[in-house]
Amino acid sequence: MGGLRIGVLAPLSRPGWVEAGRQLLGGMELAVREAEAAGGVDGRPVELLVRDTAADPQRAAAAVDELAALGVRAIAGEFHSVVARAAATRADRLGVPFLCSSAVLDALTDRPTELVARLAPAQSHGWRVYAEFLLAAGHRRVAVATQRGAYWESGARILHERLAADGGGVVELDADPGTVGDALAASGASAVLLLTGFPDPAVPIVRAVRRDRRLAGVLIGAPAGQPEFAEWERLLGADAAGVPFLRYLPERLDPLGARVEAALREHLGAEPSFVAFEGWDTVTVLTAMASSGAADWSDVRVTGSRGPIRFERVPGIGVRQWAWAPVQVADRDPAAPGRWRVLHTG
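These numbers come from a predicted model, not from an experiment.

## Observations concerning the sheet that holds strand β7 (residues 169–174)
Phase 1: Ordered in space as β7-β6-β8-β9, the four strands form an open sheet in which the pairing is parallel. On the outer flanks of this sheet lie β7 and β9 (219–221), each paired with one strand and no other. Put simply, the sheet's adjacent strands are angled 25 degrees from each other on average, direction ignored.
Phase 2: The pairing of strand β6 (residues 141–146) with strand β8 (residues 191–195) spans five bridges and is classified as parallel. Across the sheet, the residue bridging to Val 144 is Leu 193, located in β8.

## Some points on the nonpolar core
Phase 1: Judged by nonpolar contacts, the single largest core of 96 residues is most densely connected at Leu 99, Leu 184, Val 285, Trp 297 and Phe 311.
Phase 2: The contacts of Trp 297, once residues within four sequence positions are left out, are Pro 97, Phe 98, Leu 99, Glu 114, Leu 115, Val 116, Ala 117, Val 285, Leu 286, Met 289, Phe 311 and Arg 320.
Phase 3: Counting residues in hydrophobic clusters, the runner-up holds 23 residues, among them Val 72, Val 83, Ala 103 and Val 116.

## Observations regarding the sheet that holds strand β15 (residues 328–333)
Phase 1: A sheet is described by the order of its strands in space; here three strands give the open sequence β10-β15-β16, paired in antiparallel fashion. Two strands bound the open sheet, and with one partner strand each, they are β10 (245–247) and β16 (336–345). Taking the axes of each pair of neighbouring strands and ignoring which way they run, one obtains an average angle of 45 degrees across the sheet.
Phase 2: Summarising the sheet, β10 and β15 pair through three bridges and their orientation is antiparallel. Bridge pairing links Leu 246 to Val 329 in β15.

## Things to note about the packing of helix α4 (residues 123–136) against helix α5 (residues 150–164)
Phase 1: At a closest axis distance of 9 Å, the pairing of α4 and α5 adopts a crossing angle of 50 degrees. In terms of orientation, α4 and α5 fall into the oblique class. The handedness of the crossing between α4 and α5 comes out as right-handed. In this structure, α4 uses Gln 123, Ser 124, Trp 127, Arg 128, Tyr 130, Ala 131, Glu 132 and Leu 135 to contact α5, whose residues at the interface are Tyr 151, Ser 154, Gly 155, Ala 156, Ile 158, Leu 159, Arg 162 and Leu 163.
Phase 2: For the contact of α4 with α5, the residue count by class is nine nonpolar, four polar and three charged.

## Structural notes on the pairing of β16
Phase 1: In the sheet, β15 pairs with β16 via six bridges, with the strands oriented antiparallel. The partner of Asp 331 across the bridge, within β16, is Arg 341.
Phase 2: Between the antiparallel neighbours β15 and β16 lie two residues.

## What to know about the packing of aromatic side chains
Phase 1: Summed over all chains, the structure comprises 11 aromatic pairs.
Phase 2: On the numbers, 5.1 Å between centres and 90 degrees between planes, the contact of Trp 17 with Phe 79 is edge-to-face. One end of the pair, Trp 17, is in the loop between β1 (4–10) and α1 (18–37); the other, Phe 79, is in the loop between β3 (74–77) and α3 (81–94), with 62 residues separating them in the sequence. The pair formed by Trp 17 and Phe 79 is uniform in burial state, with each residue classed as buried.
Phase 3: When the centroid spacing of 5.9 Å and the interplanar angle of 35 degrees are considered together, the rings of Phe 198 and Trp 232 count as tilted. Pair noted here: Phe 198 is in the loop between β8 and α7 (202–210) and Trp 232 is in helix α8 (residues 230–236), with a separation of 34 residues, a long-range link. One exposure class covers both Phe 198 and Trp 232, and it is buried.

Parameters and conventions
Residues numbered from 1 in each chain as written. Predicted model: local features only at pLDDT ≥ 70, side-chain atom pairs only at ≥ 80, totals over all residues. Heavy atoms only, no water. Pairing = 2+ DSSP bridges. Helix = DSSP H or I, 4+ residues; strand = E, 2+ residues; numbered from the N terminus. Axes fitted to C-alpha atoms, helices over the stretch in contact; angles between N-to-C directions. Core = buried A, V, L, I, M, F, W, Y, C linked by side-chain atoms within 4.5 Å. Buried < 20%, exposed > 50% of the residue type's maximum accessible area, 1.4 Å probe, protein only. Contact = heavy atoms within 4.5 Å. Parallel < 35°, antiparallel > 145°, perpendicular 65-115°, else oblique. Left-handed = near helix turned anticlockwise from the far one by under 90°. Nonpolar A, V, L, I, M, F, W, Y, C, P; charged D, E, K, R; others polar. Phe/Tyr/Trp six-rings, centres within 6.5 Å; stacked < 30°, edge-to-face > 60°.

All we've got here are geometric facts, nothing functional implied.
Here is the structure:
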């Protein structure tokens with residue numbers, strides 16, 4: 001009997017978010033190592049067949065074709081939402097199960113399907129939590145420095161709808177570091193959110209806003225999670241702190257989560273991000289599913305590193321969804337940028 005072969009998609013080269021891809025893959029590798037130490041899946045080894053998407057939807061779709069031809073049991077992973085959508089749609093067309101680890105775009109496939117499931121919260125859920133954080137902190141007029149793209153446009157729409165329901169509003173600005181200061185000062189917004197790629201133009205925009213005396217009281221936010229990663233602090237130094245972002249962790253880890261966190265830190269040689277936990281949970285779900293003989297995602301019942309996991313049907317979401325992974329808004333503590341502050345939970 002052969003081993004359990006899992007196809008893995010992750011951004012491991014530019015222009016992909018490489019640090020996120022490495023964290024995602026590192027979490028998966030740790031879970032495989034632990035499964036192997038426990039005897040594999042019913043005595044069978046677990047093998048990851050890894051393909052680099054480089055944040056390219058076409059490259060991801062081609063990788064799905066290749067992995068399906070190799071006979072993988074399932075395909076999993078990906079961080080970038082538009083790339084995950086291309087991969088999930090292709091896997092569904094080929095009849096291969098796909099478990100999305102980290103991407104959040106609500107419309108993950110072009111039709112409802114039972115073949116695709118997702119661990120990360122849908123964008124409409126997580127970004128509403130972020131909007132509620134803004135409202136609770138007194139921010140009702142919010143600017144967004146945004147780029148074109150389905151993910152950013154969807155995020156701006158979610159923020160606008162939630163803020164408008166409470167009498168607030170969103171002002172859209174060009175994501176141009178050279179003009180963002182003047183535009184933000186003229187907007188009257190008390191916060192500006194980075195709906196942009198990283199490191200460019202997010203890092204230059206942060207520097208421009210921080211150095212503009214007119215904007216000293218303006219909050220900078222990054223709901224997509226850029227400040228979670230070490231590269232953010234390395235590039236921005238003291239300017240890295242005090243930028244709230246979404247992360248998908250509980251406020252306090254339970255004993256299993258704490259054990260996984262320590263093991264991830266050792267395996268990665270770095271502080272694990274929430275994306276590493278998503279990777280660990282991905283492989284844990286797939287190995288448990290194979291071991292139990294679960295016929296589809298609705299049969300899955302797994303204790304993950306961030307809580308009990310089961311996949312449900314959620315209105316407006318066309319795939320099986322963990323509803324919901326824990327959501328928090330956090331930032332780097334200005335007094336110690338290597339330390340996190342939890343500002344809001346949802």
